[in-house]
Amino acid sequence: MMRVVDLAAEPEPTDHTTAGEIVVGIGDPGAPGAEYWLDTATFTLAEAHTADRRAITVESVDDAVSALRARVARWPHAATVCADVLRGFDPAADALAGVITESLAYSTLQSGPEFARWLAERGPARAPEDTGDPVLVERDGDTVTIRFNRPGRHNAFSTAARAALLDGLRVVLADPSVEALVFTGNGPSFCSGGDLAEFGTLADPASGHLARTRHSPALALDAVTARLGRAARAEIHGRVLGSGLEMAAFCGWVVCDDTAVLGLPELSLGLLPGAGGTVSITRRIGRWRTAYLVLSGTDIDAPTALSWGLVDELSEGRA
């Protein structure tokens, strides 16, 4: 399921009859002959610093490979499907095709044994109780500010929050006098990802696919950014995980608190990113580093996110 190759190894003929192999490259990305495996591998690990977006610098390649083998062995379906989706997405292509592919893959995994195991370990699903508006929309002149407003739950992304966020984004899209968007969150975190208490509440994966693609904040954010460019700005802080990171990455400019923690933890649920992240994050950092974030489950700090291009600017930490 996971194969480790030396970057100096001879190139191999393409075998289109075998899909889904996870290939981790190791060695010197700058070595002669490394280009084939750098491009072909799911990602490459190196201990020396490298600016090549196809490689990730780690403290110990041996330790990183060992941890990856354990994760891929525990969640082989999710790891393989995620690698396939990332490999198949063209960052230059329209977002719609990528979001549809991602959602279909997500629904497939929702029907699989790894997500079922996570649901059984979590226990019965329950709809979260909200006492206020999960999203606030404010206008000041030509600027609309949209804020997640579930601070007690680190702005976990619920069904109600998705509907309210989409309503706010539709206001921006419908009104040509809006010239700027600020996308942020109240409380200690921008957004800690999907509300796990809700997972499994939809009747079936097909209904989930229709909800994700027909009522998609990801596609709305993509459309807002296409119109406003850098004036569509996300301001993120605290925990910026899963769907929170995926949606922020669609914005034309991302300002990140220098104490923030960013990551994609979906594999541990037996899933892949499902809020457009295989599109938005891949566009920013390439499929290789996106695959690493998902398969390793590693959180990164704000300076790393800046150096990768996942965010565009750092701001000083909140008091």
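Residues numbered from 1 in each chain as written. Predicted model: local features only at pLDDT ≥ 70, side-chain atom pairs only at ≥ 80, totals over all residues. Heavy atoms only, no water.

Taking an unreviewed UniProt entry as the reference, the chain is identified by name as Enoyl-CoA hydratase belonging to Mycolicibacterium insubricum.

Chemist: Can you explain empty space enclosed by the protein? Please cite residues and give values.
Modeler: If you walk through the whole model with that rule in mind, you get 1 cavity of 30 Å³ or more. Put simply, the largest cavity is a space of about 40 Å³. Along the walls of the largest cavity sit Thr42, Ala83, Leu86, Arg87, Arg287, Trp288 and Ala291, which together make up its complete lining. Secondary structure elements with two or more residues in the lining of the largest cavity: helix 3 (76-88) and helix 10 (277-296). Each residue belonging to the lining of the largest cavity can be placed in one class, and the counts come to 4 nonpolar, 1 polar and 2 charged. (1 Å grid on protein atoms, 1.4 Å probe; cavity = no way out; pocket = protein on both sides within 12 Å on 5 of 7 lines; lining within 4 Å. Points joined across faces, edges and corners; volume = space filled by probe spheres on them. Helix = DSSP H or I, 4+ residues; strand = E, 2+ residues; numbered from the N terminus. Nonpolar A, V, L, I, M, F, W, Y, C, P; charged D, E, K, R; others polar.)

Chemist: Help me get a handle on the side chain of Arg71, residues and values and all.
Modeler: Following the sequence through the fold, Arg71 ends up in helix 2 (residues 61-74). Put simply, Arg71 is tucked away with no salt bridge, and the nearest opposite charge, on Glu266, sits 8.3 Å away. The residues touching Arg71, leaving out its near neighbours within four places in the chain, are Leu267, Ser268, Val294, Leu295, Ser296 and Gly297. (Buried < 20%, exposed > 50% of the residue type's maximum accessible area, 1.4 Å probe, protein only. Lys, Arg positive; Asp, Glu negative; His and termini not counted. Salt bridge = Lys/Arg side-chain N within 4 Å of Asp/Glu carboxyl O. Contact = heavy atoms within 4.5 Å.)

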